[in-house]
Amino acid sequence: MLSWSVTPEDEIDTQGIVKGAESGDMGIEGGVEIANFVEAVVKGTEEEITANRGILIGVLGPVKFVEVIATAAMFEQMVRIADGTGIALDDMTLGATEDLRDSLGLNEFSTAQHTFRKE
């Protein structure tokens, strides 16, 4: 699903995952507004969520807004399933994602313990 949202020519700033809106648009349409909305949902007040929702709909339109929110919700669901079942990464994925996991600090999350477990 995420592979459809970008093309091989697109430059995506993965640091935006960690730094949020301070990374700029991250190469994604509405990237700043998406990051601000996510920050509001995670840490903000009801008023901040409502305000940022309106801004994001204004930038993306209602259809793309729903696509963004549905993608985020599906991702969150899959992460919770993986964490709950303790799914470990296979050796090929571990190797292929090493630099990305290091640069984003993903290995520091408590749930990363499942990533390295061998069955």
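Note that the structure is predicted; figures quoted are calculated from it, not measured. (Residues numbered from 1 in each chain as written. Predicted model: local features only at pLDDT ≥ 70, side-chain atom pairs only at ≥ 80, totals over all residues. Heavy atoms only, no water.)

Caption draft 1: Looking closely at the pattern of salt bridges. The full count for this structure, using the stated rule, is two salt bridges. The salt bridge partner of glutamate 29 is lysine 64, with a shortest N-O separation of 2.9 Å. In this pair, glutamate 29 sits in the loop between α1 (16-19) and α2 (31-43) while lysine 64 sits in helix α4 (residues 62-85), placing the two residues 35 residues apart along the sequence. Since its relative accessible area comes to 46%, glutamate 29 is described here as partly exposed. According to the relative accessible area criterion, lysine 64 is partly exposed, its value standing at 37%. For the salt bridge of lysine 43 with glutamate 39, the shortest nitrogen-to-oxygen distance reads 3.5 Å. With lysine 43 and glutamate 39 both in helix α2 and four residues apart, this pair spans about one turn of that helix. Exposure remark for glutamate 39: the relative accessible area of 38% places this residue in the partly exposed category. (Salt bridge = Lys/Arg side-chain N within 4 Å of Asp/Glu carboxyl O. Helix = DSSP H or I, 4+ residues; strand = E, 2+ residues; numbered from the N terminus. Buried < 20%, exposed > 50% of the residue type's maximum accessible area, 1.4 Å probe, protein only.)

Caption draft 2: The side chain of arginine 101, seen in detail. Mapped onto the fold, arginine 101 is located in helix α6 (residues 98-104). If near-sequence neighbours (up to four positions away) are discounted, arginine 101 is found in contact with Leu89, Leu94, Leu106, Asn107 and Phe116. (Contact = heavy atoms within 4.5 Å.)

Caption draft 3: Layout of the packing of helix α3 (residues 46-60) against α4. α4 packs onto α3 with a crossing angle of 120° between their chain directions and a minimal axis gap of 7 Å. In terms of their interaxial angle, α3 and α4 are classed as oblique. For the pair α3 and α4, the crossing hand works out as right-handed. Contact residues: Arg53, Leu56, Ile57 and Leu60 in α3; Pro62, Lys64, Phe65 and Val68 in α4. Here the contact of α3 with α4 is built from residues that sort into six nonpolar, no polar and two charged. (Axes fitted to C-alpha atoms, helices over the stretch in contact; angles between N-to-C directions. Parallel < 35°, antiparallel > 145°, perpendicular 65-115°, else oblique. Left-handed = near helix turned anticlockwise from the far one by under 90°. Nonpolar A, V, L, I, M, F, W, Y, C, P; charged D, E, K, R; others polar.)

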